[in-house]
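Geometric and topological summary
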Amino acid sequence: CHVAQANSTSRKTERLEGVQLTRLPTYGHLLSAPLSPYWVSPDEVEVLHLHLPHPTAELATLISTVLASKKMRLMPYFHAFPSRQGRLGELWFNSITAAILDRSEAILVSNENILKAFPQLTPWETKIKTLPFSTPAWDEETVQGLLSQRNATREVLALGRLVKYKGYDVLLRAWAKLTAEHSKFQDLRLNLVGI
């Protein structure tokens, strides 16, 4: 597993709960993405999993898949279209991200509404697999059972870094409006978790 470090220019490798973790050096940030040069070798991994959007990881992945002598299995987790970057984000998605999605064996999403929210994914609809956050299972039947449990709960969890572009300010305004105007939502509980 490779991760970019927030404030370090040294490379460190350790084992964490049986998994080899490599903390890569980071040399600043560009459009909130860590500048951490690295190369992914298909000889090191069986399945390459990355979270999208993530420009530097996407570039490393694309270069690796193009130059590698053997095929690398890709299973990215799609979170959002890079809309905050405007035309540049659209250009990036249509060239770099699309090339990764073309090469992907499966595209993971957190819930079935992602395709509705991001119609840009329609060309890859047959590759999309729903894998909810924090699920202990992979098989479709168990995942559907967990989704039914989740849909029946009155708890809502927002988990992520507490930074402006994550939109927590929008969530809080929408939450206040939703619970004030619709009585069926008044017993919902919102939990925010992050640093």
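Placed above this text is the structure.
Quick caveat: nothing in here was measured; it's all calculated off a predicted structure.

Analysis parameters
- Residues numbered from 1 in each chain as written.
- Predicted model: local features only at pLDDT ≥ 70, side-chain atom pairs only at ≥ 80, totals over all residues.
- Heavy atoms only, no water.
- Pairing = 2+ DSSP bridges.
- Helix = DSSP H or I, 4+ residues; strand = E, 2+ residues; numbered from the N terminus.
- Right-handed = clockwise from strand over helix to strand, strands pointing away.
- Core = buried A, V, L, I, M, F, W, Y, C linked by side-chain atoms within 4.5 Å.
- Buried < 20%, exposed > 50% of the residue type's maximum accessible area, 1.4 Å probe, protein only.
- Contact = heavy atoms within 4.5 Å.
- Salt bridge = Lys/Arg side-chain N within 4 Å of Asp/Glu carboxyl O.
- Lys, Arg positive; Asp, Glu negative; His and termini not counted.
- Polar contact = N/O pair within 3.5 Å; in protein donor to acceptor, adjacent residues only side chain to side chain.
- Axes fitted to C-alpha atoms, helices over the stretch in contact; angles between N-to-C directions.
- Parallel < 35°, antiparallel > 145°, perpendicular 65-115°, else oblique.
- Left-handed = near helix turned anticlockwise from the far one by under 90°.
- Nonpolar A, V, L, I, M, F, W, Y, C, P; charged D, E, K, R; others polar.

1. Focus: the pairing of strand β13 (residues 189-193)
Regular strands show a simple pattern: their side chains alternate between the two faces of the sheet. Note: strand β12 (residues 155-159) against β13, 5 bridges, orientation parallel. Bridge assignment links V156 to a residue of β13, and that residue is L190. Read as a crossover between parallel neighbours, the route from β12 over helix α5 (residues 168-181) to β13 is right-handed.

2. Quick word on the nonpolar core
Of all hydrophobic cores here, the largest spans 15 residues; its most connected members are F78, F93, L101, I107, I114, L121 and W124. Elements with a contribution of two residues or more to this core: α2 (87-103) and β10 (107-109). In terms of residues, this core owes the most to one element, α2, which gives 3 residues. Apart from residues lying up to four places away in sequence, L101 is in contact with L52, P76, F93, I107, L121, W124 and K127. Core analysis: the next-biggest nonpolar cluster, separate from the first, contains 7 residues, L62, L74, I96 and A99 among them.

3. Points about the environment of L108
Looking at the element boundaries, L108 is found in strand β10. As for L108 and L50, which are separated by 58 residues in sequence, their C-alpha atoms are 10.0 Å apart.

4. Digging into the pattern of salt bridges
When the charged atoms of two side chains lie near each other, side chains of opposite charge can form a pair. Here the structure, examined in full by the defined rule, presents 5 salt bridges. The closest approach of N and O atoms between E105 and R73, which form a salt bridge, is 2.8 Å. Of this pair, E105 sits in the loop between α2 and β10 while R73 is found in strand β8 (residues 73-74), placing the two residues 32 residues apart along the sequence. Residue R73 is classed as partly exposed on the basis of its relative accessible area, which comes to 37%. Notably, a salt bridge pairs R154 with D187, separated by 2.6 Å at the nearest N-O pair. Of this pair, R154 sits in the loop between α4 (140-152) and β12 while D187 sits in the loop between α5 and β13, and the two are 33 residues apart along the sequence.

5. Side note on the side chain of E58
When you line up the elements, E58 lands in helix α1 (residues 55-67). One buried charged side chain, E58, makes no salt bridge at all; its nearest oppositely charged neighbour is R103, positioned 11 Å away. Of note is the side chain of E58, whose polar atom sits 3.0 Å from the side chain of W92. When sequence neighbours within four positions are dropped, the list of residues in contact with E58 reads L50, L52, P53, W92, I96, T97 and I100.

6. Digging into the sheet that holds strand β1 (residues 2-4)
With mixed pairing, the 3 strands of this open sheet are ordered in space as β1-β3-β2. Each end of this open sheet is capped by a strand with a single partner; those strands are β1 and β2 (12-16). Recorded for the sheet is a direction-independent mean angle of 30° between the axes of neighbouring strands. Strand direction decides the pairing type here: β2 and strand β3 (residues 19-24), joined by 5 bridges, are antiparallel. Looking across to β3, one finds that E14 is bridged to L21.

7. So, the packing of α1 against α2
The contact between α1 and α2 brings their axes to 10 Å, and the two run at 50°. Taken together, the axes of α1 and α2 are oblique relative to one another. Regarding α1 and α2, the two cross each other, and that crossing is left-handed. Together, P55, E58, L59, T61, L62, T65 and V66 of α1 and W92, I96, T97, A99, I100 and R103 of α2 make up the contact between the two elements. Across the contact of α1 with α2, the residue classes break down as 8 nonpolar, 3 polar and 2 charged.

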